[in-house]
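Single-letter residue listing:
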Amino acid sequence: MVGGDWFRSAALVVLALVMAAVACGSAFAERLLIIYENESTQPATMEIAKGISARLSEAERHVEIYAEHLDLVRFGSEGDRQRLIAYVRAKYADKPMDAVLVVGPGVLRLVLGARGAFAPGVPIVFGGIRQPPQDLPDDVTGVISRFDVAGTLDLARRLQPDAKALTIMTGSATFDRDWEKTAREIAGEHYSGFDIDYVSGLSLDGFKAKAAALSADSALLILTIFADADGVSYVPREAASKVAASSGAPVYSVYSSYFDGTILAGHVSTFEAVGRSGDGVSGPDAL
């Protein structure tokens, strides 16, 4: 989900412009297109959609809502992107939108790059982004999501004061590799007394075997595994749950949707809050 370092510091919420305009009775956002980066059955996508629906239900007048789930993780080649642009342009040619809400960094880049093709002059609001692009146009705004690697590592240190080693796992999809890059920029090789080991480029069984070999006095942070080294696609929460279940070390996450009994804790903002207001919970969720 999109850009920066998540959202406590953001001055605007995802739907602030949309809801303010609706409340004022202006023509803005009578017809709203929501474009999700991931497919519709992803738990995080469903939580965000629930939050958006709850927020829009508070509007005093009717807003027509249209939604597209682009599944860019699995269909992200240049050819795929061009076909998606042509599809959206043709589908909504006779239904001009008053605003476009995009959820995820990949779809924000796609929409900004092809804006003239299907959304010329239409205000864009974004959410689910760690770091937005630089120099956004004046009519593009949104909320930065705070998936807090540093906060989660600090929490792990408090919960495991004697631990020396921490492993960070990421998959082989582009989104996964971007997460590894971000984690390396934040944590480096040593952070908060932990020696950090980055593990990627494995099959799911490889991740499980690596996790099983970890000692109880170490820690494991699982970011995302959208795809493994064998090219098999996964729902990240399900992949994380399988790896965590085999882990010899306590497991942490930056995603609220991962907490299913196998993940110990994390410093998170909920996905539903991203969709509802952008002002999500910022603090440890320990299970």
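Use the structure listed above.
Predicted model only: the values in this text are computed from it and were never measured.

A complete count under the given rule lists 8 salt bridges for this structure. Two residues, K91 and E68, come together in a salt bridge whose shortest N-O distance is 2.6 Å. A residue pair is termed long-range when its members are at least 10 positions apart, and K91 in helix 3 (residues 78-91) and E68 in strand 3 (residues 64-69) qualify at 23 residues. Exposure remark for K91: the relative accessible area of 44% places this residue in the partly exposed category. On the basis of relative accessible area, E68 is assigned to the buried category, the value being 6%.

This part takes up the packing of aromatic side chains. Inspection of the entire model under this criterion finds 3 aromatic pairs. With a centroid separation of 5.9 Å and 85° between ring planes, the pair formed by Y66 and Y92 is classed as edge-to-face. Here the residue Y66 occupies a position in strand 3, and Y92 occupies one in the loop between helix 3 and strand 4 (99-103), the gap between them amounting to 26 residues. Judged on exposure class, the residue Y66 and its partner Y92 are both buried. Aromatic side chains F175 and F226 sit 5.2 Å apart centroid to centroid with 75° between the ring planes, which places their arrangement in the edge-to-face category. With F175 in helix 7 (residues 174-187) and F226 in the loop between strand 10 (219-222) and helix 9 (236-245), this residue pair connects regions lying 51 residues apart in the sequence.

Okay, the packing of helix 8 (residues 204-212) against helix 9 next. As a packed pair, helix 8 and helix 9 sit with axes 8 Å apart at the nearest point and diverge in direction by 35°. In this structure, the crossing between helix 8 and helix 9 has a hand that is right-handed. Seen from helix 8, the contacting residues are L204, F207, K208 and A211; seen from helix 9, they are A239, K242 and V243. For the contact of helix 8 with helix 9, a count of residues per class yields 5 nonpolar, no polar and 2 charged.

Following the sequence through the fold, G193 ends up in the loop between strand 8 (190-191) and strand 9 (194-199). Excluding residues that lie within four positions of it along the chain, G193 makes contacts with R157, A163 and K164.

Quick look at helix 3 now. Counted at 1.5 Å a residue, the expected span for helix 3 with its 14 residues is 20 Å, and the 20 Å between its end C-alpha atoms agrees. Buried residues along helix 3 sit in contact with strand 2 (31-36), helix 4 (105-113) and helix 5 (115-118).

By the criterion of burial, strand 6 (residues 140-144) is predominantly enclosed, with 4 of the 5 residues buried. Across 4 bridges, strand 5 (residues 124-130) lies against strand 6 in parallel orientation. Bridge pairing links V125 to T141 in strand 6.

Phi angles above zero are rare outside glycine, and D71 is one such case at about 55°. Relative to the helices and strands, D71 resides in the loop between strand 3 and helix 3. The phi angle at D135 is positive, at roughly 55°, despite the residue not being glycine. Checked against the element boundaries, D135 lands in the loop between strand 5 and strand 6.

The rules we used
- Residues numbered from 1 in each chain as written.
- Predicted model: local features only at pLDDT ≥ 70, side-chain atom pairs only at ≥ 80, totals over all residues.
- Heavy atoms only, no water.
- Salt bridge = Lys/Arg side-chain N within 4 Å of Asp/Glu carboxyl O.
- Helix = DSSP H or I, 4+ residues; strand = E, 2+ residues; numbered from the N terminus.
- Buried < 20%, exposed > 50% of the residue type's maximum accessible area, 1.4 Å probe, protein only.
- Phe/Tyr/Trp six-rings, centres within 6.5 Å; stacked < 30°, edge-to-face > 60°.
- Axes fitted to C-alpha atoms, helices over the stretch in contact; angles between N-to-C directions.
- Left-handed = near helix turned anticlockwise from the far one by under 90°.
- Contact = heavy atoms within 4.5 Å.
- Nonpolar A, V, L, I, M, F, W, Y, C, P; charged D, E, K, R; others polar.
- Expected span 1.5 Å × (residues − 1).
- Pairing = 2+ DSSP bridges.

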